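Okay, here's what each chain looks like letter by letter:
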Amino acid sequence: MSGQFFWYGQPGFVVAAALSKILVFVVLFALGLASLLTWLERRQSAMMQDRLGPNRANLGRWRAWGILHFVADALKMMFKEDFIPPKANRFLFALAPILALAPPLIVLAIIPFGAPLCWGQMQETVPLGTCVRPVDLQIARLDVGVLFYFAFASLSIYGATLAGWASYNKWALMGGMRAASQMISYEVTMGMTVLAMFISYGTLEPGAMVAQQGPAPWQWGIVRGVPHFIAFFLFLTAAMVETKRTPFDVPEGESEIVGYFVEYSGLRFGMFYLGEFLEVVGSSALMVTIFLGGWQIWGASLLPNWAHVLVSMLVWGAKVFLFCVLQLLVRWTLPRFRADQLMRLGWQRLLPVSIANVVLAACWQMWIH
Amino acid sequence: MATVVKIVNRPAGWKRRSYLWGTMQGLGVTFGHLMRNWPRNLLGRRAQSDIVTLAYPEEKRPYPPRNRGLHRLMKRADGQVRCVACMMCPTACPAHCISIVPEESEDPRIEKRPRVFQIDELRCVVCGLCVEACPCDAIRMDTGIHAPPSTRRADAILDKEELLSRGELSVAVQAGEGLFWRERK
Amino acid sequence: MAGDRQAPPGPRANVKMVIDGQPHEFPAGLTILEACQRVGIVVPFFCWHPGLSAPAVCRQCLVEIKGFPKPIPSCYTPVADKMEISTNSPKVLDVRRQMLEFTLLNHPIDCPICDKAGECMLQKHYFDWDARFARNDGSKVRKAKVVDLGRHIVLDQERCILCTRCIRVCNEVARQADLVMAFRGDRQLLTVAPGRRLDNPYSLNTVDVCPVGALTAKDFRFSMRAWELWATPSVCPGCATGCNIEIHSARDVIRRLIPRPNPAVNKYWMCDEGRLTYRRVHQDRLVAPMVAGAPASWDAALGEAARLLASARDKSPSTLGVVLSTQMTNEDLFAFTRLAAEHLRTERVYLAGAPEGWCDDILVSADKNPNTTGAKLIGGLTLRTATDLKQDLETGVLTALLLVGEADAVGSLGSLQSLVVLTSHQGAPVAAAQVALPLAMWAEVDGSFTNRQGKVQRLHAAITPAGQARPGWAIAARLGQALGAAWRYANAKQVFSEACEKIMLMSGADWGKPEIPVQLRFANSRG
Ligand code: SF4
Ligand code: SF4
Ligand code: SF4
Ligand code: SF4
Ligand code: FES
């Protein structure tokens, strides 16, 4: 019994596999990349602006362009005073950063981050879909898939809003309100866009979506048709609004209200900060999954299974990374919208376009078949 | 005063109003810079990139030739102080940081010279007006040296010996006839 | 005085004339230069001086007179009816420049080391009327730079512009022909007359009148630049003449005294001795109250003084004496006279002072005290003399004494039981006194002296009193309070007004406007 407990398909195996996936994907990859992005963002912006950026942190002679700044930042935040305003609601004040950090971590569960591992056939070349005992590189294979993503991503609204409310600071409250209105507005657009893709894929399960897209770039979701191409840009925009980063950093608005986390310091602020970058990673991962073929890469399926898995993970990582860099690029290129402009963009421009796009996608689908 | 309101209308046409092309252009610009700077910087060839930042303590920008450093008093051909204690510099000094006590010199070619010449570098605002004011090229600020930090105020008051220790022979001429022009004939 | 020119005798008709297109009317006998000055037209000059004769040697004052072919020196030419004068025609401006260029031809221009710089007429005229670069780049004629002319004066022959003002000061004010011109043309130079030195008692006036920095005072030479000084109007304390002066000081140190024109007293001059009286302000001063030879606080010293005086008074007022000095200001004298009469209740008020000295019929009086007249007016007829004091001290009539002012030669103080001294300087009385209080000097106080003519003349405080010294009237008031009086004086003006009310012969005196020190940086050239 005990031996069989860990066999393929047995509960022990499932748990062990899930834990290792969480370890590799969430802890190592997502958190690692998000932390790295905190440094990369500053360094990259410096490069765009002909500056040098943070390049000092080092371990003795090992400097590596200052990559260790994220470690230094984390240490700094840990040792900073954790200040709570006297009139703040202490419970909600403490809860808010957790609510801001947890959802971006949870939503990662549905993202497939590599080709399925073929248990017992790892030395052989296994064509896709013919594997007998596959282990999907995806923490949770849910039929609701993308909807799960939305459900949890919306939870992070609570983080921002509660932070603003609990701080007992009118600027923070204003920031929280703005965050709520902004995120709710754009979720509609996001849903509509995904609807267009859903019409095309016929499924909401990300693993299935990836499988439907071929390894070649012209087989990817983004080039399935005109509505899908439009959907990509709509989704990109809406996703960036969801991360609340420039040009959509209205809730934060450093030069005017500083935002919902104005009263936060130390590690609690660090959680907001990291959560923001996790959202970047998460939205990038979702976009890669839906539009850019996920982990698919041409020719990799000819390799032995273990190599195929490895290469697909690397390719997936590279795609996500490039998306992150793209988001940073946008953030340092465009100036901030005004709150009313942002609402107008959401409700009067993007939403009608995305609804029309759903109709278009439906017509397209009918025309194809 | 009438307030003038300048009205900037939104650009016409959906192409411009969607700002898609403008956004693309902007991304192009930032991406261009990124691509010019990043690879070069990663490869340690910063000199060829556009980056203008200096990594300060290791790299320093050379001072311009007219930088105003610590004061010094210039010397005559025989090593005596050039200053004739004319009091132009304390008069011009906006910080009142120069104190001079003149005396009569035994040397008949010189007549007047400073017995005490002190500059309080703590008060000095490094304006260079003393140098401008000096009719004798006796005081200069061309050493390129910063006022050294000191833990006692008294150490920041430079006296005549200290100021002369950095002094050199001045090449300035008087009456178009060079040093000790009075002796030529 | 010889330099004191009178208008020609005869009926003083007015002349009507035109200057720069404007009609004017002047009394006959005026020179054109004086006429221009009266109506505020600036004509530059070097050799003319209001207190001296006019030789018209510098030619800087040239003006154009209609009908005259050549420009005319205005300092020498009297005004006449129907004259039409131009002081600013292109021709006049041109000759002005040419004369300046000529004057500067061999001038060394060592303004940086020249004591006159900042108050030099040549500098001023150059900036006002020429301000061009030199056109002459040849060698200049060299002359001696440091010539010792006499006790007080050093001459730089190169800087001399040969205006002869100094010669005329010697001839006409001091009436001694000490200085002469030698040689001709560009070799001409000023020098002492054969066998003589510039040692007359008015020699320092030559430094004042010298329009440039050729004559410098050894006393002042190189110590200060003119623009660092602050000028305060005052009166010379050297003798009973009371020459009007300006105190030139910087940072609470007096650097020199300069005569202030007053036609009724000293004209434009003062004597050398008087000029050096300022030195005593900075020498051997008593800077703190002393009780039994040790420094004490004002309160302690005043209390002790009052105790000594009160006990002497209460024992027998007739053995208590008060000595006042003719060096003191009217205010101090008045306050102490009042103290003696009302609170010490003594008749024995003596008047001491510096001994008599040399005199002449020019300015110097034999009485070397600046306020003898004032002291006599205020003290009245009951004042006893220094001789009485000596006698009383010797005979032992006095057992207690309040000695005020600088009075060194009062006689032996050994026989006294108590001695309270108010003085400005260290010396025998301070050493002998139980209580010594520091007194501010003439340059440190507001006040007045009455000169030998009976003119009440104002002193203004030029510097802050040395150490803890205080004006005499203020000390008198404090002493009076300690002795039970209710007086209170806020400033010297109050004392003065009270004195003018009480002293009949001072009733016409006027305290005058308040004068604040002026920095010479903002003043015009002197000379
Ligand atoms: S640099 Fe300016 S402040 Fe400093 S000594 Fe010279 S004049 Fe004075
Ligand atoms: S200006 Fe020049 S010559 Fe005159 S006192 Fe100053 S340093 Fe000396
Ligand atoms: S006399 Fe006047 S012009 Fe001549 S050196 Fe002296 S200050 Fe300068
Ligand atoms: S020394 Fe002065 S006053 Fe005398 S002649 Fe020369 S310039 Fe005139
Ligand atoms: S002032 Fe008239 S000639 Fe000198």
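What you see is a predicted model, and the numbers here were worked out from it, not measured in a lab. (Residues numbered from 1 in each chain as written. Chains lettered and ligands numbered in written order. Predicted model: local features only at pLDDT ≥ 70, side-chain atom pairs only at ≥ 80, totals over all residues. Heavy atoms only, no water.)

A cis geometry characterises the amide bond from A:Thr246 onward to A:Pro247, with omega recorded as 5°. Secondary-structure assignment places A:Pro247 in the loop between α8 (226-242) and α9 (266-291). If you check the backbone angles, C:Ala131 has positive phi at about 55° while not being a glycine. Summarising the element assignment, C:Ala131 is placed in the loop between α3 (121-130) and β6 (147-148). (Helix = DSSP H or I, 4+ residues; strand = E, 2+ residues; numbered from the N terminus.)

Contacts are most numerous, across the 2 pairs of chains in contact, for chains A and B. Considering only C-alpha positions, the minimal separation of the non-contacting chain A and chain C is 52 Å. (Contact = heavy atoms within 4.5 Å.)

With 20 residues of chain C in contact, the opposing surface of chain B contributes 16 residues. Taken as a group, C:Ile113, C:Arg142 and C:Phe222 account for 39% of the area that chain C buries against chain B, more than any other trio of residues on that side. In this structure, the connection of chain C to chain B is made through 2 salt bridges. One can count 3 residue pairs in polar contact (both at pLDDT 80 or more) joining chain C with chain B. The class makeup of the residues in the side of chain C that touches chain B is 6 nonpolar, 2 polar and 12 charged. (Buried area = accessible area lost by both parts, 1.4 Å probe. Salt bridge = Lys/Arg side-chain N within 4 Å of Asp/Glu carboxyl O. Polar contact = N/O pair within 3.5 Å; in protein donor to acceptor, adjacent residues only side chain to side chain. Nonpolar A, V, L, I, M, F, W, Y, C, P; charged D, E, K, R; others polar.)

Before going further, it helps to spend a moment on the state of the cysteines. Residue and element names in this part refer to chain A. Applying the stated criterion across every chain yields a total of 1 disulfide over all chains. Disulfide pairing places cysteine 118 opposite cysteine 131 at an S-S distance of 1.7 Å. Sign of the S-S torsion, about 120° for the bond between cysteine 118 and cysteine 131, identifies this disulfide as right-handed. With cysteine 118 in strand β1 (residues 114-118) and cysteine 131 in the loop between β1 and β2 (134-137), the pair connects residues that are 13 residues apart, well separated along the chain. (Disulfide = S-S within 2.5 Å.)

Here we take up the sheet that holds strand β2 (residues 22-27) of chain C. All names here are of chain C. The 5 strands lie next to each other as β2-β1-β5-β3-β4, forming an open sheet whose pairing is mixed. Of all the strands in the sheet, just β2 and β4 (72-73) have a single pairing partner and so form its edges. Sheet topology places strand β3 (residues 62-65) next to β4; 2 bridges connect them, and they run antiparallel. Each bridged residue has a counterpart across the sheet, and for valine 63 the counterpart in β4 is isoleucine 72. Packing against the sheet, helix α2 (residues 90-104) makes contact with β3 and β5 (84-86), and its axis sits at approximately 155° to β3. (Pairing = 2+ DSSP bridges. Axes fitted to C-alpha atoms, helices over the stretch in contact; angles between N-to-C directions.)

Our next topic: the pattern of salt bridges. Under the defined criterion, the tally for this structure stands at 54 salt bridges over all chains. Here A:Arg245 and A:Glu41 are joined by a salt bridge, their closest N and O atoms 2.9 Å apart. Taken together, the positions of A:Arg245 in the loop between α8 and α9 and A:Glu41 in helix α2 (residues 11-48) put the pair 204 residues apart, joining distant regions of the chain. Of the two residues examined, A:Arg245 and A:Glu41, each falls in the buried class. Two residues, A:Arg141 and A:Glu205, come together in a salt bridge whose shortest N-O distance is 3.7 Å. Residue A:Arg141 is found in the loop between β2 and α5 (146-166), and its partner A:Glu205 is found in the loop between α6 (170-201) and α7 (206-212); the two are separated by 64 residues along the sequence. Relative accessible area serves as the criterion here: at 4%, A:Glu205 is assigned to the buried category. One network of salt bridges, in which partners are shared, links C:Asp110, C:Arg142, C:Lys145, C:Asp156, C:Glu158 and C:Arg159. (Buried < 20%, exposed > 50% of the residue type's maximum accessible area, 1.4 Å probe, protein only.)

Time to look at the sheet that holds strand β2 (residues 98-104) of chain B. All names here are of chain B. Strand order in the open sheet formed by 3 strands is β2-β3-β5, with antiparallel pairing between adjacent strands. Each end of this open sheet is capped by a strand with a single partner; those strands are β2 and β5 (157-158). Of the pairings in the sheet, the one linking β2 to strand β3 (residues 112-120) comprises 7 bridges and is antiparallel in character. The residue bridging glutamate 103 from the neighbouring strand is arginine 113, located in β3.

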